[in-house]
Each structure stands twice: as structure tokens, then as C-alpha cells.
Amino acid sequence: MGGIPGLDLEKLADSSLPDTLKIDLPLPPVQLRGQLDRKGFTEFSGVLSAAMPVTTVTAFGQISLGRPPAFIVLMGATFPEPGLQIGLGFAVSGIGGVVGVNKAVDRDTLLACIADGTAGELLFPPDPVEAALRVIPRLASLFPTVPGRLVVGPMFRISWGGRMVDLSAAVVAELPDPVRLSILGILRVMVPDPAAPVIELKATFAGQYDTAEPSAFLMASLTGSRMAGIPLDGDVLVLSRGGDDPLFVLSAGGFHPAFPVPRGVPNLHRLAMDLSPTPWLQLRCEAYFAVTSNTVQFGAKLSLVAEIADCGLRGQFALDVLIHFRPTMSFTASMRGALSVEAFGETLLGIAFELVLEGPTPWHAVGRGRIKLFLFKVSFNFDLSWGGGPPPLPAARVDLADELVKAFAQPSAWSVLPPSAAERSPVRLAPFANRLLAEGRRVHPHGRLAARQHVLPFGVDIARFGHAVVDPPERWDIVEPRLGEDDAREGPVSDSFAPGQFLDLTEDQQLSTDAFARYRSGVRFAPDLSGPDDSAFVGAELGWETRIVQDPVPMRTHFRHMVRAHAHVSAEHVAAAASIRDAHWWQTPGPALRVAAEQPLAAVSSWSMTELTVAAAPPVGDAGMPNAELRGLLRDRTGVRVVEAWEARLR
């Protein structure tokens, strides 16, 4: 079957479509290369690269035709050296973007892609088809289908100093709420010249900020780096998380072997250097350093293998230190080492030891050792303790009740909450009142008020308060919260507390228990939104007087005819006008209505309601005398009333 060169169409003649379709079309000056993978008839993924003299365009994509339909596309264009110069030694070497509909970014897969180096191949790979073998299988898990989510963001590649420093990155936003921002990139530093670098650092990094949890992390991997020919590798992680499970972690190379890895933290490779100058000598150094909310950890390991024809030396030395700060400062340091001389697979001389030191109050040392010669073995163990226990903590000299009173007296302990979205409040506030609500100086009539403190957790037995022992333990709680005269409890408020600051924990519990846990810290007040009682209503009888107000100027029949005739004449003039600019289109406005500052008053007879002339009183409708003065003038006169002027005119 004839077809397009480089595109195998023979497979399309069969009754079934192929699962993989490769494209290689050399069409000067454009060369197309790519691959399309099919999974059933609903999922397609692939890569396409178009190389041209001025640029190379690459696109990775994955589309799902299920319900709902979803797709993700990563497209980038690179420019030949030296790129697009933008000044100060910087040049733009590539631009692109990421677009996804009904897609999201999976954090765990993103971290795994950083650890194995797959994430870096998504950004402007030198060989897209080769990179697709590792990238395409990860697209579905890296960008899972999530209905209603949108993934969008730019990609760019910037170099400096003639590609001495090269940065490729993509910034991706997930919309709508909750908003997540993700960053993915590769940083390359090649000194002194990219053609022959002495120092070559390659850091693949990824980060994400999640507004819902909230949390933020940044992870970098040094896979593929070299310094003076010495390979470097390892992972670095910074993680900060709030919410119900707060956490802070800074780790370079991992954690202490006895430290439980917190949730959301991936396995990190040790920072390592391979110091092997010759094939028969293998010397490798590994290290790590970590800081958490309650610990400091560091350690190192040195391994040596020097063999020729199964004869040589083997040895290692390792150090691990774990320091705790709460409830008391303590540390655990372990050291181990071994060295052996081997000949043809047999150990002629070997020595090994292991030492664990704990302290400082009390000091505890445990050690084991072994010595092996060609004819015999010798081992020794020791377990020593010295020094007293930790000094007794001072008796409780703090008044917990007084501490709680001081905590709730702080303005920061009270927070104003607006009405929930499910409750439609009929109250509308002025802008000035809304500003007071935003500042926390007023409470919405249908809003809520939260009271919380961070001194101690409620509902647990407080055995210690910081460095002071509480004996006997005390339990505190909010029993009957009241807002005014009514019980206004809606629900508890919880916050994060360090259990070691308040509970009596053993060393094993300190290692296995999280540094922070959620406990009740206050209460939320809610207004009474129920209807009023029947006793709140007041009955009243209403009475009224009916009056017929006649037109003071009756309109005669001939007058009505005159008004209608005038209207007809005006309409004829308007219709006969040649332009809308004619004066008949625009009537001269009549006199404007004048509104008095206050209703005019008049003096009338109390019996007949006829208007009376009173000395020093103004005529009806005259604003010469204020109403207050007129009322004062007629206050003591019998048979005279003060009424509004329109009532006097009706008579």
C-alpha cells in the first residue's frame, strides 16, 4: 500500500488499529517525529516534534474521551543558540505552555517524578521521542482526571552567560477554588564553560502551594550532577503544612533511621559523592541533615571497597544523631564501623563495632564489638549508665485559671464570623458597618463569634505546663457558655497543641506521637435565630377618619375640550416638522416644583375649622414665621387650633 514516507499505513489496513503508531517524516526543511499510543478507543497519548531551521516545536499530550472528556497538552518551542537576547547576558531559549481541561496535578506523583528524574524530561527535552518512553506512561497519573478542574500555565527556558546557567520551568495553576499553584523545573549550572564544565550541577525541582490545606513544599533532586568529575546526587525537601495535621520539615538527604517519616513526605535519597578515582577503588560518602518542629537530625556514612583479584580491603563507618527538644532536651547518637582484609573471598582479619550513646540525663552507653582473625573470633559487649535522672521539674507555680482568664481577655482571642452561605440573612448593612465587621469591631446580627485560646488544650488531663509539673493533674473545659442571658453554644473550636508540653509521655511515646495534635481550644457562639415568643407581640386597636378632598379648581367641560384641542394642534406641529431640531419637538419646561422645608401651618377655629386671622401670624403658605414660633404664639388661646395649611384650604 502506498502512503506517506515514514508513516507505516500498512497496519491501518487490518481490521484492528495498532496500539502504537510511530511517525518519522523527513520533509525538508521540516522533520516530523513522534509517537501515538492508544488504550482502547477512549484514551490516546503521544508526542510530536517538528524540527525547523529556526525552531523546534515539541508537544506531549493525553486525551480521554470518557465522561467527562479530558485532555492535557504540554507544548514548547526552543530556539537555536544563542537564543533571543533580552539583555544583561540573559537569553530566552524556549517558550511554551500547559493546558488541561478536567485535569489536576497529583502531588505524590509529582514528587515521585522528581525523585526518578522523569519530571525534567517534560520541559524542552533534547530528544522528545526518546523522552516519551518515560513521560507518556506518567501523564495519566501526573495529571489525573478531575471533573470541573482547569490546569493552565506558562513554560519558559532562560539562560545566562552563554548557557553557563540554564533554567527551564513551568508554572501551573489549578482553577477554580481551591486554587493550587505548582512549579516544575530544571536548573543547570556549568562552570566555567558549558563545553568543558568542571562543575556541573543539575537540579530537578518541583513545588506546590495549596490554599485549601494550606500547605507548601519545594523538592529538588541533584541526580546527574558532577563536581570535578565526582558524581553528586541527593534530594532536598522543604515542607510546611497547616490544618488538622500541621508539620514543618527541612531535609537534605533524608531522616534518621529511627525517625518515623511524616505523612506526605516522600523517600529522599541521601546526599552522596562517589570518590572513586580508579575502577579498583570505590569510595562513597553519604550524608543527611533534617530539621522538624521538635527534632534536629544529621548523619553520614563512608564506604570503602579496594579489591584486585578478590583480594583487598572492605570497610565502612556511619554516624546517626537524633536530637529532641521537647519535653526535655535529649539526644541519641549511634556509631558503627567495620574493616576487613579479604583474600580470595575469605576474611583474614576483621574488626567491627557498634556504639549507642544517649543522654544527657542520665547518660547511657551500649556497645558491641567483634574481632575476627583467620583462626578465631573474639566479641565483647558493654552496657553502662551514669549520672542521675533529669532534675525534677518545679512544682506548678502557675495558676491555670488565671492564665485562661488572661488569654480570653486578649482581643486576638475573639474573632467575628459572618453568616454562613447556607443562611440567607435578611439584614443589609451600610458600608460603614461592613468596614467595622471587617475590622472585627462589630458582630453581624446573624453572624457568629468564636472565642479561642492557645494556653492549654481543653478536655485532657494537664500533667505539666511547659517546664512545670502540675500535681495533681488538672482538666479544664468550657461548661456553660452564655452570650448575654441566653445559651449560645454552637460548637467547639480546635487548634494545634504540642502534647509534650501538657501530657506526661514516655520516650517511646515521644518518638511515635506527632509533634502537634488537634485539641479543643474554645467555643463558637451563635445568635438565636428562632422566632419571637407570643408574649413579644403587643396588640393595638387602630382607628381612622375618612375625608373627601375636593378639587379646589374644578375643571369645566369646555376647559377639557380646550386642553384636548391644544394637544391635537401640538401633535400636528410635531408631525409636520422637517427635522427633530424643530422647536415643536422640544417643549419649554414649566416652572419647577418648589418643596418647602416644612409643612406650612394655619390657625383655624376649633369649632368650625374656618381659618382665622391672628395678629403677628403669617398668611397661609408664607414661610415668614417658623412653625415652632406659630405654635408657641397660639398655645394659650382658647378656641383656636393649629392645623396644616391644606386642611384650612379645604374649608
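Each remark here, short or long, concerns the structure printed above.
Since we're looking at a predicted model, the values are computed, not measured.

## With respect to the packing of helix H1 (residues 107–116) against helix H2 (residues 128–142)
Between two packed helices, the angle of one axis relative to the other and the distance separating the axes together describe the packing. With their axes 10 Å apart at the nearest point, H1 and H2 run at an angle of 155° to one another. Relative to H2, the element H1 is oriented roughly antiparallel. In this structure, H1 meets H2 at a crossing whose hand is left-handed. Residues Thr109, Leu110, Ala112, Cys113 and Asp116 of H1 form the contact with H2, whose own contacting residues are Arg138, Ser141 and Leu142. Residues that form the contact of H1 with H2 fall into these classes: four nonpolar, two polar and two charged.

## Concerning the pattern of salt bridges
Two side chains with opposite charge may pair up if their charged atoms get near one another. On inspection of all chains with the given rule, the structure shows 21 salt bridges. For arginine 33, the salt bridge goes to aspartate 127, with nearest N and O atoms at 3.5 Å. Placement of the pair is arginine 33 in strand E2 (residues 30–39) and aspartate 127 in the loop between H1 and H2, with a sequence separation of 94 residues. Taking relative accessible area as the criterion, aspartate 127 reaches 31% and is therefore assigned partly exposed. A salt bridge links aspartate 461 to arginine 475; the nearest nitrogen and oxygen atoms lie 3.1 Å apart. Placement of aspartate 461 in strand E27 (residues 461–465) and of arginine 475 in strand E28 (residues 468–475) is noted, with a sequence separation of 14 residues between them.

## A short note on the nonpolar core
Judged by nonpolar contacts, the single largest core of 37 residues is most densely connected at Leu74 and Leu184. Mapped onto this core, the elements with two or more residues apiece are strand E5 (70–78), H1, H2, strand E8 (145–160), strand E9 (165–175), strand E12 (215–221), strand E15 (235–241) and strand E16 (247–252). Among the nonpolar cores identified, the runner-up in size contains 13 residues, and Ala407, Val455, Leu456 and Val460 belong to it.

Conventions and cut-offs
Residues numbered from 1 in each chain as written. Predicted model: local features only at pLDDT ≥ 70, side-chain atom pairs only at ≥ 80, totals over all residues. Heavy atoms only, no water. Axes fitted to C-alpha atoms, helices over the stretch in contact; angles between N-to-C directions. Helix = DSSP H or I, 4+ residues; strand = E, 2+ residues; numbered from the N terminus. Parallel < 35°, antiparallel > 145°, perpendicular 65-115°, else oblique. Left-handed = near helix turned anticlockwise from the far one by under 90°. Contact = heavy atoms within 4.5 Å. Nonpolar A, V, L, I, M, F, W, Y, C, P; charged D, E, K, R; others polar. Salt bridge = Lys/Arg side-chain N within 4 Å of Asp/Glu carboxyl O. Buried < 20%, exposed > 50% of the residue type's maximum accessible area, 1.4 Å probe, protein only. Core = buried A, V, L, I, M, F, W, Y, C linked by side-chain atoms within 4.5 Å.

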